[in-house]
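Observations on chain architecture
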Amino acid sequence: MKPLIIAIIGLMIGVVLGLYLPITYPTSYSLYMSVAILAALDSVFGGIRSHMEGRFNSTIFVTGFFGNAILAGILAYIGDRLGVPLYYAAIFAFGGRLFQNFAMIRRYLIERISKK
Amino acid sequence: MKGIKGRLVVGMVCVVLGLVLALQFRSVQGNYDDWRAPTQKAQELAGQLKKIRDEKQKLLTQINALELKKKEIEEIESKEDGLIKSLGEELEKYKIISGARSVKGPGVVVVVDDPPPGSEYASDVSVIMVNYDLLLSLINKLNDAGAEAISINDQRIVSNTAIHLAGNNVNINAVPTGPPFVIKAIGNPDTLEATLNVRFGIVWVMRDTYNLQITVKKQDEVIIPGYNQITKFIYAKPVESTVQ
């Protein structure tokens with residue numbers, strides 16, 4: 001259970017930093033950021049799931065986290081340039097996987113609890 | 001070794017995620033404060049608008065009641081004294097000239113509206129509001145035809161009336177109004193109508209060039225409200241001179 005605590009502490013530090021650091025980005029990038037965040041969230045849930053399955057690999061996790069986020073952001077940006085709402089693709093793909101990952105996590109948790 | 005490294009990496013990634021989440025939250029929140037009002041805020045504003053409109057209506061009825069009272073008092077006074085009576089008549093004359101009195105009489109009613117939605121000329125912007133100078137032109141023509149009193153959407157046109165586009169409204173006498181514009185004019189109905197409807201005249205231009213919906217109707221009785229704002233002369237002073 002230790003990695004989960006580390007993750008939560010990391011999140012809290014990040015939120016506090018984000019709220020108090022004077023960093024801003026143009027509001028027009030808000031959409032790309034939101035898609036990137038969705039991808040990142042998906043990666044985190046995927047990481048938790050793989051950890052529960054016992055095949056967690058930090059390299060895959062980190063590359064997936066940044067790779068997915070950047071890819072989603074770029075995809076949304078290109079879609080905007082082309083006039084095709086490509087960010088829907090990212091939303092459906094990552095949103096769907098997010099729920100799938102969450103469902104697996106829940107299953108493992110319930111199994112673990114019922115075993116005890 | 002590997003476990004510690006892995007945990008460190010997870011922690012770092014979570015810091016980054018939290019940071020980005022907080023940034024996005026702050027950015028979106030800022031948007032709402034600035035201009036992209038969410039539905040809740042819009043509803044709130046609509047409620048406020050309704051309240052203020054009700055208040056305005058109440059105040060308007062109050063104005064009318066007080067004006068009636070004032071008139072009664074003046075009448076009673078004038079009955080008592082001949083001097084006051086003649087002064088009152090003089091005052092009435094100037095009120096009519098300046099447009100402070102509501103007047104009625106024969107005239108025309110002109111209704112101007114944008115091209116109907118769905119027609120081939122319909123556009124996102126209001127044509128008549130963008131080309132509000134057409135209204136000024138119309139007033140000019142009416143005055144040319146000898147109109148004695150003119151109002152647009154119940155705003156009396158007086159010597160210092162301004163008509164201009166302000167955001168989503170056309171301000172007349174600094175009162176925001178919008179289409180359809182109902183222009184009432186008192187004068188000889190035939191002359192007024194003929195002046196407006198002359199070939200290649202103002203109505204023709206508005207209908208054919210700007211594709212506006214415009215109707216001109218002669219009426220036996222048109223009621224035009226008075227100008228109810230206060231005109232103050234701060235800079236202009238009368239000159240005592242008879243040489244012209």
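Per-chain numbering applies: the sequence of each chain, read as written, is numbered from 1 onward. All chains are assigned letters beginning with A, and all ligands numbers beginning with 1, in the order in which they are written. Given that the model is predicted, a residue must reach a pLDDT of at least 70 before its local features are reported, and side-chain atom pairs must reach 80 or more before they are shown or counted; all residues, however, enter totals for whole chains, interfaces and linings.

Quick notes on the overall build of chain B
If you tally the helices and strands in chain B, you get seven helices and eight strands. Buried residues are those with 20 or more other C-beta atoms within 10 Å of their own C-beta, exposed residues have 12 or fewer, and partly exposed residues lie in between; C-beta atoms are placed from the backbone. When burial is assessed residue by residue, chain B has 22% of its 244 residues classed as buried. The contact criterion used here is simple: two residues whose C-beta atoms, placed from the backbone, lie within 7 Å are in contact. Summarising the internal contacts of chain B: among those between residues at least 6 apart in sequence, 73% fall at separations of at least 24. A helix here means a DSSP run of H or I that spans at least four residues, while a strand means a run of E at least two residues long, and both kinds are numbered starting from the N terminus.

Digging into the overall build of chain A
Across its full length, chain A holds four helices and zero strands. Counted from the first residue to the last, chain A has its helices and strands arranged as α-α-α-α. Residues classed as buried in chain A amount to 30% of the 116 residues present. If you take every contact in chain A between residues at least 6 apart in sequence, the share linking residues at least 24 apart comes to 70%.

Quick notes on unusual backbone geometry
All names here are of chain B. In this structure, the amide linkage connecting Pro179 to the following residue, Pro180, adopts the cis form with an omega of 0 degrees. Structurally, Pro180 can be placed in the loop between β6 (175–177) and β7 (181–186). Positive phi, close to 45 degrees, is recorded for Asn153, a residue that is not glycine. Its location among the elements puts Asn153 in the loop between β2 (149–152) and β3 (155–156). Despite not being glycine, Ala174 shows a phi value in the positive range, around 65 degrees. For Ala174, the location among the structural elements is in the loop between β5 (169–172) and β6.

Brief notes about the environment of Val203 of chain B
Residues and elements named next belong to chain B. Inspection of the secondary structure assignment puts Val203 in helix α7 (residues 202–208). Placed 65 residues apart in sequence, Val203 and Leu138 show a C-alpha to C-alpha distance of 8.2 Å. In this structure Val203 touches Leu196, Asn197, Ile214 and Val216, once residues within four positions along its chain are discounted.

Quick look at the packing of helix α2 (residues 30–53) of chain A against helix α4 (residues 87–115) of chain A
Residues and elements named next belong to chain A. It is the contact of α2 with α4, at a shortest axis distance of 9 Å, that shows an interaxial angle of 25 degrees. Taken together, the axes of α2 and α4 are roughly parallel relative to one another. For the pair α2 and α4, the sense of crossing is left-handed. Residues Leu31, Val35, Leu38, Ala39, Leu41, Asp42, Phe45, Gly46, Ile48, Arg49 and Met52 of α2 touch α4, and the partners they reach there are Tyr87, Ala90, Ile91, Phe94, Gly95, Arg97, Leu98, Asn101, Phe102, Met104, Ile105 and Tyr108. Side-chain classes follow a simple rule in which Ala, Val, Leu, Ile, Met, Phe, Trp, Tyr, Cys and Pro form the nonpolar group, Asp, Glu, Lys and Arg form the charged group, and the remainder, Gly included, forms the polar group. Considering only residue class, the contact of α2 with α4 consists of 17 nonpolar, three polar and three charged. Helix axes are fitted to C-alpha atoms over the stretch in contact, other axes to C-alpha atoms as well, and angles between N-to-C directions run from 0 to 180 degrees. Orientation labels follow simple angle bins: below 35 degrees gives roughly parallel, above 145 gives roughly antiparallel, 65 to 115 gives roughly perpendicular, and whatever is left gives oblique. By the definition used in this description, the sense in which the near helix is turned from the far one sets the handedness, with an anticlockwise turn below a right angle giving left-handed and a clockwise turn giving right-handed.

Considerations on the UniProt feature "coiled-coil region" (unreviewed entry) in chain B
Taking the numbering used here, the UniProt-annotated feature "coiled-coil region" (unreviewed entry) corresponds to residues 42–76 of chain B. The distance separating the terminal C-alpha atoms of residues 42–76 of chain B is 51 Å; by composition the span is 100% helix and 0% strand. UniProt positions are given in the numbering used here, feature names are shortened, and annotations may be inferred rather than shown by experiment.

A closer look at the environment of Gly201 of chain B
Position of Gly201 of chain B among the secondary structure elements: in the loop between α6 (189–197) and α7. Along the chain, Gly201 of chain B and Lys141 of chain B lie 60 residues apart, while their C-alpha atoms are 9.2 Å from each other.

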